[in-house]
Amino acid sequence: MSWNVSDRQLAALVAEMTVEEKAAAVSGHGLWRTAANYRLNIPELLMTDGTYGVRYSIDQIDGMQDDDGQLAAFLGVVNTDLSTGVESAFGSTRPATCFPNGSSLACSWDVGLAHELGEALAAECQAFGVNILLGPGINIRRTPLAGRSYEYYSEDPMLSGEVAAAVINGLQQNGVGASLKHFACNNSEVQRTTMSSVVEERALREVYLAGFERAIRKGNPWTVMSSYNRLNDVQAAESHWLLTEVLRHEWSYDGVVVSDWHGIKDRPASVNAGNDLDMPESGARKQELIDAVKDGRVPAEALDRSCLRILKLVRTARNAIRPNAEVDFKKHHALSRRMAAESIVLLKNETAVLPVDAAKVGKIAVVGAAAVEPVIQGSGCATTRPTEVDIPLDEIRRLAPNAAISFHGATDFEAGSPSEQSALAAVEAADVVLFFGNTEVGYDGEGSDRTHLSLHAGQDELIGRLGRHSGKIVVILFAPDAVAMPWIDGVQAVIAAFFGGQGVGKAIADVLFGKQNPCGKLTVTFPVQKEDIPGYLTYPGENGRHVYSEGIHVGYRHYDKRKLAPLFPFGFGLSYSTFEYSNISTSADRIDASSTLRIAFDVTNTGGVAGKEIAQVYARPHNSRLIRPIRELKGFAKVELRPGETKRVEVTIDSRDLRYYDPAYRQWLLDAGRITFEAGASSRDIRLEKTVEVAAPALPSTILDLESQPYLVLEQDFARRRFHDFLKAQLDLDDEEAGRMMEYCASSFLGIYKTVSWVAGEKISKAAMASFLDNLNKEIGETVSKAA
Ligand code: BGC
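Residues numbered from 1 in each chain as written. Predicted model: local features only at pLDDT ≥ 70, side-chain atom pairs only at ≥ 80, totals over all residues. Heavy atoms only, no water.

If you look the protein chain up in an unreviewed UniProt entry, it shows as Glycoside hydrolase family 3 C-terminal domain-containing protein from Mesorhizobium montanum. The Sequence similarities (unreviewed entry) comment attached to the protein chain in UniProt states, word for word, "Belongs to the glycosyl hydrolase 3 family." (UniProt positions renumbered as here; feature names shortened; annotations may be inferred.)

### A short note on the overall build of the protein chain
Counting its secondary structure elements, the protein chain contains 24 helices and 27 strands. For 788 residues, the compact-globule estimate of 2.2 N^0.38 gives 28 Å, and the C-alpha radius of gyration of the protein chain, at 29 Å, lies within 12% of that figure. Each of the three principal axes of the protein chain carries a C-alpha extent, and together these read 100 × 70 × 50 Å. When burial is assessed residue by residue, the protein chain has 61% of its 788 residues classed as buried. Here the contacts in the protein chain between residues at least 6 apart in sequence split such that 76% fall between residues at least 24 apart. Accessible area for the protein chain stands at about 29,300 Å²; split by element, carbon and sulfur atoms hold 49% of it. Between the mean site of the 82 positive side-chain charges and the mean site of the 102 negative ones, the protein chain shows a separation of 3 Å. (Helix = DSSP H or I, 4+ residues; strand = E, 2+ residues; numbered from the N terminus. Rg over C-alpha atoms; globule rule 2.2 N^0.38 Å. Buried < 20%, exposed > 50% of the residue type's maximum accessible area, 1.4 Å probe, protein only. Contact = heavy atoms within 4.5 Å. Areas by Shrake-Rupley, 256 points an atom, 1.4 Å probe, with all protein chains shown as cover. Lys, Arg positive; Asp, Glu negative; His and termini not counted. Charge placed at Lys NZ, Arg CZ, Asp CG, Glu CD.)

### Remarks on unusual backbone geometry
With an omega dihedral of -15°, the bond running from Met279 to Pro280 counts as a cis peptide bond. With respect to the secondary-structure elements, Pro280 resides in the loop between helix H11 (267-273) and helix H12 (283-294). Here the amide bond leading from Leu354 into Pro355 is cis, since omega sits at -5°, within 30 degrees of zero. Residue placement: Pro355 occurs in the loop between strand S11 (345-349) and strand S12 (363-367). Phi angles above zero are rare outside glycine, and Ala352 is one such case at about 40°. Along the polypeptide, Ala352 turns up in the loop between S11 and S12. Residue Ala352 is classed as exposed on the basis of its relative accessible area, which comes to 56%. Unlike most non-glycine residues, Asp732 shows phi in positive territory, near 60°. Residue placement: Asp732 occurs in the loop between helix H21 (717-731) and helix H22 (735-746).

### Re the domain arrangement of the protein chain
With domains assigned, the protein chain is organised as domain 1 (7-318), domain 2 (341-561), domain 3 (579-694) and domain 4 (710-787). In this structure, domain 2 and domain 4 have C-alpha centres spaced 63 Å apart. (Domains from an automatic or database assignment.)

### Observations concerning the packing of aromatic side chains
Tallied over the entire structure, the rule returns 20 aromatic pairs. Of the aromatic side chains, those joined through ring pairs into one cluster are Trp109, Tyr556, Phe570, Tyr618 and Phe636. Over the ring of Tyr548 we find Arg142, and its NZ or CZ is 3.9 Å from the ring centre. (Phe/Tyr/Trp six-rings, centres within 6.5 Å; stacked < 30°, edge-to-face > 60°. Lys NZ or Arg CZ within 6 Å of the ring centre and 35° of its normal.)

### Points about the sheet that holds strand S8 (residues 230-231)
Read from one edge of the open sheet, 4 strands run S9-S8-S6-S17, paired in mixed fashion. A single partner strand is all that each edge strand has here, and the edge strands are strand S9 (234-235) and strand S17 (545-547). Here strand S6 (residues 196-198) pairs with S8 via 2 bridges, running parallel. Looking at S8, one finds that Ser196 is bridged to Arg230. (Pairing = 2+ DSSP bridges.)

### Examining the side chain of Ser682
Among the secondary structure elements, Ser682 is positioned in strand S26 (residues 673-682). For Ser682, the side chain forms a polar contact with the main-chain nitrogen of Arg684, separated by 3.0 Å. If we ignore the near neighbours within four places in the chain, the residues touching Ser682 are Pro569, Phe570, Gly571, Phe572, Gln616 and Tyr618. (Polar contact = N/O pair within 3.5 Å; in protein donor to acceptor, adjacent residues only side chain to side chain.)

### Describing the site of the ligand
Taken together, 15 residues lie near the ligand, and Asp49, Arg148, His182, Tyr228 and Asp260 sit nearest. Side-chain polar atom of His182 to an oxygen atom of the ligand: 2.7 Å apart, as the coordinates give it. At 2.6 Å, a side-chain N or O of Asp260 approaches an oxygen atom of the ligand. Considered on its own, the ligand offers 310 Å² of accessible surface; in the complex 100% of this is hidden by protein. (Near = heavy atom within 4 Å.)

### As for the pairing of strand S16 (residues 493-496)
Two faces make up the sheet, and in a regular strand the side chains alternate between them. Side chains Ala493 and Ile495 of S16 all project onto a buried face; the interleaved residues Val494 and Ala496 project onto the opposite face, where all are buried too. As defined by bridge partners, strand S15 (residues 473-478) adjoins S16 across 4 bridges and the pair is classed as parallel. Note on S16: the bridge partner recorded for Leu477 is Ala496.

### Here's the deal with the pattern of salt bridges
If you walk through the whole model with that rule in mind, you get 60 salt bridges. Here Glu342 and Lys612 are joined by a salt bridge, their closest N and O atoms 2.7 Å apart. Of this pair, Glu342 sits in helix H14 (residues 329-343) while Lys612 sits in strand S21 (residues 611-621), placing them 270 residues apart in sequence. We classify Glu342 as buried; its relative accessible area is 8%. Glu707 serves as the salt-bridge partner of Lys754, at 3.5 Å between the closest nitrogen and oxygen. Linking Lys754 in helix H23 (residues 752-760) with Glu707 in the loop between strand S27 (685-694) and helix H20 (710-714), this pair joins segments that are 47 residues apart in sequence. (Salt bridge = Lys/Arg side-chain N within 4 Å of Asp/Glu carboxyl O.)

### Remarks on the nonpolar core
Leu180, Phe183, Tyr208, Trp261 and Leu633 are the most contacted members of the largest nonpolar core, which totals 106 residues. Contacts of Leu180, omitting those with residues within four sequence positions, involve Gly135, Pro136, Ile138, Ala164, Ile168, Phe212, Ala215, Ile216, Pro221, Thr223, Val224 and Met225. In terms of nonpolar packing, the next biggest core, distinct from the first, is built from 43 residues, Val353, Leu354, Ile476 and Tyr576 among them. (Core = buried A, V, L, I, M, F, W, Y, C linked by side-chain atoms within 4.5 Å.)

### Structural notes on the packing of helix H15 (residues 392-399) against helix H18 (residues 504-512)
Two elements in contact, H15 and H18, have axes separated by 8 Å at closest approach and are oriented at 40°. As summarised for this structure, H15 and H18 are arranged oblique, according to the angle between their axes. Handedness of the crossing formed by H15 with H18: right-handed. Facing Pro392, Glu395, Ile396 and Leu399 of H15, the residues of H18 in contact are Gly505, Lys506, Ala509, Asp510 and Leu512. Considered class by class, the residues forming the contact of H15 with H18 number 5 nonpolar, 1 polar and 3 charged. (Axes fitted to C-alpha atoms, helices over the stretch in contact; angles between N-to-C directions. Parallel < 35°, antiparallel > 145°, perpendicular 65-115°, else oblique. Left-handed = near helix turned anticlockwise from the far one by under 90°. Nonpolar A, V, L, I, M, F, W, Y, C, P; charged D, E, K, R; others polar.)

### Some points on the UniProt feature "domain: Fibronectin type III-like" (unreviewed entry) in the protein chain
Summarizing the sequence annotation, UniProt attributes the feature "domain: Fibronectin type III-like" (unreviewed entry) to residues 613-683 in the numbering used throughout. End C-alpha to end C-alpha, residues 613-683 measures 14 Å, and it is 0% helix and 62% strand.

### So, the packing of H21 against H22
Where H21 contacts H22, the two axes come as close as 9 Å, and the packing angle between them is 115°. Crossing of H21 over H22 shows right-handed handedness. Residue-level contacts link Arg720, Phe723, His724, Leu727, Lys728 and Leu731 of H21 to Asp735, Ala738, Gly739, Met741, Met742 and Glu743 of H22. Tallied by class, residues from the contact of H21 with H22 come to 6 nonpolar, 2 polar and 4 charged.

### Some words on the environment of Asp732
Looking at Asp732, the relative accessible area reads 68%, which means it is exposed. Taking C-alpha positions, Asp732 is 81 Å from Val474, a pair spaced 258 residues apart along the chain. Beyond its immediate stretch of four places on either side in the chain, Asp732 contacts Leu727 and Glu737.

### Some remarks on H15
For an α-helix the count is 3.6 residues per turn, leaving residues at separations of three or four pointing the same way. Taken together, the buried positions of H15 are occupied by Pro392, Leu393, Glu395 and Ile396. For H15, the angular spread of buried residues about the axis comes to 160°, placing them on one side. (Arc of directions from axis to C-beta.)

### Some thoughts on helix H1 (residues 7-16)
Among the residues of H1, those classed as buried are Leu10, Leu13 and Val14. Projected down its long axis, H1 shows its buried positions confined to an angular sector of 100°, all on one face. For H1, exposure combined with an orientation more than 90 degrees from the buried face picks out Arg8 and Ala15. Close packing links the buried residues of H1 with helix H2 (19-25) and helix H13 (300-318).

### A word on the side chain of Asn101
With respect to the secondary-structure elements, Asn101 resides in the loop between helix H4 (67-79) and helix H5 (102-105). Given the relative accessible area of 0%, Asn101 is considered buried. Polar contacts involving the side chain of Asn101 include one to the main-chain amide nitrogen of Gly378, which spans 3.1 Å. If near-sequence neighbours (up to four positions away) are discounted, Asn101 is found in contact with Tyr52, Tyr150, Ile376, Gln377, Gly378 and Phe499.

Here is the structure:
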């Protein structure tokens with residue numbers, strides 16, 4: 001079972017292996033395993049999907065299959081709709097708990113709960129003999145249309161990284177490895193294995209890579225999965241910059257990089273780039289690698305390095321196996337309900353239509369097929385065969401045993417149908433109408449993006465129509481990500497359940513009847529219409545290239561800068577209670593590059609019921625050398641409060657998280673000046689603020705050269721002083737003359753060399769000016785490094 005080998009023995013094993021054996025060791029065996037080596041007694045590893053449940057395919061994992069059969073089996077899963085959990089399309093997948101999907105769970109903003117998810121998934125993996133779970137997935141939800149957004153956490157990297165680190169720690173502390181995926185910029189399913197995500201470096205660093213960096217720093221996943229797409233025109237699995245320079249050199253990651261399934265196109269290039277493991281097994285790719293090592297295109301050391309990393313992973317995983325592990329699936333079902341309850345977001349509650357008083361309500365009309373077939377998950381490789389599914393209508397009946405409850409499918413309202421009049425009469429007579437809506441099933445997951453933000457099959461129209469027959473409409477939505485709500489003004493309440501897993505039916509009923517006070521908040525912005533989505537003008541790319549034209553202004557950063565009113569902002573969610581914020585303080589009034597700042601404030605429950613509030617802290621920089629978003633999330637806390645209770649909330653922020661990336665200096669920088677910290681209930685509901693001073697070197701806005709306009713040299717004291725001395729020395733001037741000359745040059749639109757030559761009559765050589773600027777840049781660079 002376990003594999004007790006020392007580092008020295010592992011190195012000796014690699015030394016003893018033939019090239020063929022090494023190529024086998026860095027390749028999969030079948031769909032889900034690494035290759036054992038019986039000659040050298042090296043055991044194998046088993047991995048499987050997914051991000052919110054364990055998809056253990058009995059055929060694929062326990063059965064023997066040829067290469068063709070395996071590909072068909074793999075594609076079969078990705079392309080089949082398995083989302084509702086009540087179909088029998090699962091074939092021979094083992095039942096496992098279907099927890100809330102990523103876009104749902106993240107709305108809990110609860111890292112403790114994310115840790116529990118990791119623990120529960122680990123327990124199921126241990127029971128099934130799975131060593132590595134292929135999750136979590138944390139690509140930024142750049143557009144709500146993205147096919148895999150249901151698996152991912154947020155449009156914000158800080159929140160994504162925090163949730164991911166917790167899931168990873170929950171898994172790995174219980175002996176199951178994580179695979180943090182998909183690295184990087186797999187933000188759309190359109191031509192997903194060929195499209196190049198064209199992303200400027202600041203956006204990459206500050207948004208798309210930042211969540212991975214955080215999750216790796218705080219969770220150290222055993223594996224990182226490279227993504228299918230190309231990144232700035234290089235296949236991610238073959239990008240040396242991404243997999244070696246950034247991941248290993250800058251972030252010191254020492255685990256295994258595994259490819260996405262059949263994601264590698266050029267195996268030798270992928271080994272050279274640092275992609276260790278090639279999944280799943282491909283005879284052709286193995287042979288390409290062997291040939292490339294033999295003719296020197298892949299250095300022997302590169303193959304040895306990957307081989308050793310994989311053997312270390314095998315050792316870690318084998319020694320973490322918990323023999324005879326058992327799962328309490330009933331307990332996990334209860335956990336899935338609790339998670340769903342913590343994650344549901346109440347978006348609207350006019351005239352306090354919710355919660356419904358089960359003791360008083362007379363008639364309830366439940367509308368929509370999703371009330372009996374809840375959409376509990378998206379479709380794709382993550383799809384889990386649930387152990388059981390809570391049906392919302394049953395749970396509603398259970399909680400309101402004395403109410404007269406009628407159920408109507410959407411077809412009951414078809415114009416001219418025999419049922420139309422009675423269905424409308426039931427809606428009119430009901431004390432409350434519960435409309436269960438959903439996006440199109442099977443078109444909400446892996447392999448394709450949505451093309452619109454509408455609900456499925458005329459549901460938007462139907463909600464609009466019902467709003468004219470009742471003033472008590474509650475819409476409950478199952479959706480992977482944001483949807484548009486053209487009917488919003490005609491309904492009284494909206495609940496976003498996302499894809500809340502197998503316990504979501506009970507969780508919804510608990511929220512409807514006030515047994516659970518809703519406390520989730522959005523982790524993405526809901527746009528009014530798809531045209532408002534950041535990057536809309538260049539989505540989904542053309543000719544194989546998808547330019548991320550919004551740059552660093554992803555999600556709320558875009559809506560804030562453009563002053564666009566969203567349908568619902570990032571961080572928004574209602575409660576049956578109300579909360580007040582007061583008394584903000586910071587542990588210091590002045591910070592520098594190495595500070596840790598504590599921001600504290602009081603939150604009071606001013607409503608009549610106990611509840612939880614997710615308080616958010618944003619940073620708003622005042623003085624920026626480079627373009628910055630208006631505000632960015634830097635911390636959050638979820639507090640539970642009884643009516644009337646006050647708690648002091650404290651959020652800790654490291655200066656490193658306040659920096660931005662300057663590609664010219666290749667550095668993370670903090671600007672001198674001021675930063676305001678905002679505490680609020682959402683990104684558009686800031687309640688308190690406090691400003692601190694930042695001690696940092698003042699830098700010119702760019703690297704200087706002969707063509708730099710003079711104001712760029714003169715804008716900042718330090719460079720200005722150097723330039724002053726340079727002019728004095730070169731032109732033999734006194735202080736006053738040099739000062740006058742600088743004033744004279746300051747407004748020129750020509751480069752500094754041409755300007756000075758013109759003014760001083762070509763007395764300064766080009767070489768002298770170039771060398772002055774070079775030295776100045778170097779001196780500034782050193783100041784920057786020291787301060788970083
Ligand atoms: C998906 C991965 C998944 C793998 C194995 C790929 O198509 O992109 O997320 O882990 O298949 O099923």
